[in-house]
Amino acid sequence: MPNLGGWEVFAILAVVVLLFGAKRLPDLARGSGRALRIFKTEVKGLHDDEDDKERKPLEASEPDKKPEQG
């Protein structure tokens, strides 16, 4: 990823302000933050599910535990 200088960042911000307007920028930032937070929790949930899948075969192979009959 190329390094962005001060002028490039300024130009990007100016284009964003022109496209969305100054009044809508806080809503845009808030929505982006919420989306990022949801994305992070979903990715963490996927990693937790993978960890659970790896642990279950190990737990099932323990000889001391007998399956409950109901």
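Below, the structure is looked at part by part. The written sequence of each chain sets the order in which its residues are numbered from 1. Two thresholds apply to this predicted model, a pLDDT of at least 70 for residue-level local features and 80 or more for giving and counting side-chain atom pairs, whereas whole-chain, interface and lining totals are computed over all residues. Hydrogens are left out, water is left out, and the side-chain values use all remaining heavy atoms of the structure.

This brings us to the overall build of the chain. A helix here means a DSSP run of H or I that spans at least four residues, while a strand means a run of E at least two residues long, and both kinds are numbered starting from the N terminus. Helix and strand counts for the chain stand at 2 helices and 0 strands. Taken across its 70 residues, the chain has 0% of its residues classed as buried. To measure how exposed things are, a 1.4 Å probe is used in the Shrake-Rupley method; for residues, cover is taken only from the protein chains shown. Accessible surface, the chain: about 7,100 Å² in total, of which carbon and sulfur atoms supply 61%. Under the scheme applied here, a residue whose accessible area is under 20% of the maximum for its type counts as buried, over 50% as exposed, and between as partly exposed, the area being computed with a 1.4 Å probe on protein chains only.

Right, let's get into a nonpolar patch on the surface. A residue counts toward a patch only above 30% relative accessible area and without a salt bridge, and it is joined to like-charged neighbours within 9 Å or, for Val, Leu, Ile, Met, Phe, Trp and Tyr, to nonpolar neighbours within 5 Å. Any Lys or Arg side-chain nitrogen located within 4 Å of an Asp or Glu carboxyl oxygen qualifies as a salt bridge. A cluster of nonpolar side chains, Leu4, Val9, Ile12 and Leu13, forms an exposed patch at the surface whose accessible area comes to about 360 Å². Note that leucine 13 resides in helix H1 (residues 6–20). Exposure remark for leucine 13: the relative accessible area of 52% places this residue in the exposed category.

Attention now goes to H1. In this model H1 runs 21 Å from its N-terminal to its C-terminal C-alpha over 15 residues, within 8% of the 21 Å that 1.5 Å per residue would give. In the stretch just after H1, glycine 21 is the one whose phi turns positive, near 85 degrees. Expected helix span is given by 1.5 Å per residue-to-residue step, counting one fewer step than there are residues.

The next subject is the pattern of salt bridges. Summed over the entire model, instances satisfying the criterion amount to 1 salt bridge. As a salt-bridge pair, arginine 30 and aspartate 27 come within 2.8 Å of each other at their nearest N and O atoms. With a gap of 3 residues between them, arginine 30 and aspartate 27 both fall in helix H2 (residues 25–60), about one helical turn apart. For arginine 30, a relative accessible area of 44% corresponds to the partly exposed category.

What follows concerns the packing of aromatic side chains. Aromatic pairing here means that ring centres of Phe, Tyr or Trp (its six-membered ring) are within 6.5 Å. Orientation follows from the plane angle: under 30 degrees is stacked, over 60 is edge-to-face, and everything else is tilted. Applying the stated rule across the entire model yields 1 aromatic pair. Seen from their ring centres, tryptophan 7 and phenylalanine 10 are 6.3 Å apart, and the 90 degrees between their planes marks the pair as edge-to-face. Taken together, the positions of tryptophan 7 and phenylalanine 10, both in helix H1 and 3 residues apart, correspond to about one turn of that helix. Take tryptophan 7 and phenylalanine 10: they sit in the same class, and that class is exposed.

Here we take up a negative patch on the surface. By the counting rule applied here, Lys and Arg register as positive and Asp and Glu as negative, while His and the ends of each chain are not counted. Every charge is mapped onto a representative atom, which is NZ of Lys, CZ of Arg, CG of Asp or CD of Glu. Together, Asp48, Asp49, Glu50, Asp51 and Glu54 make up a negatively charged patch on the protein surface. Its location among the elements puts aspartate 49 in helix H2. When its relative accessible area of 43% is taken as the criterion, aspartate 49 is described as partly exposed.

Function cannot be inferred from these measures alone, as they are strictly geometric.
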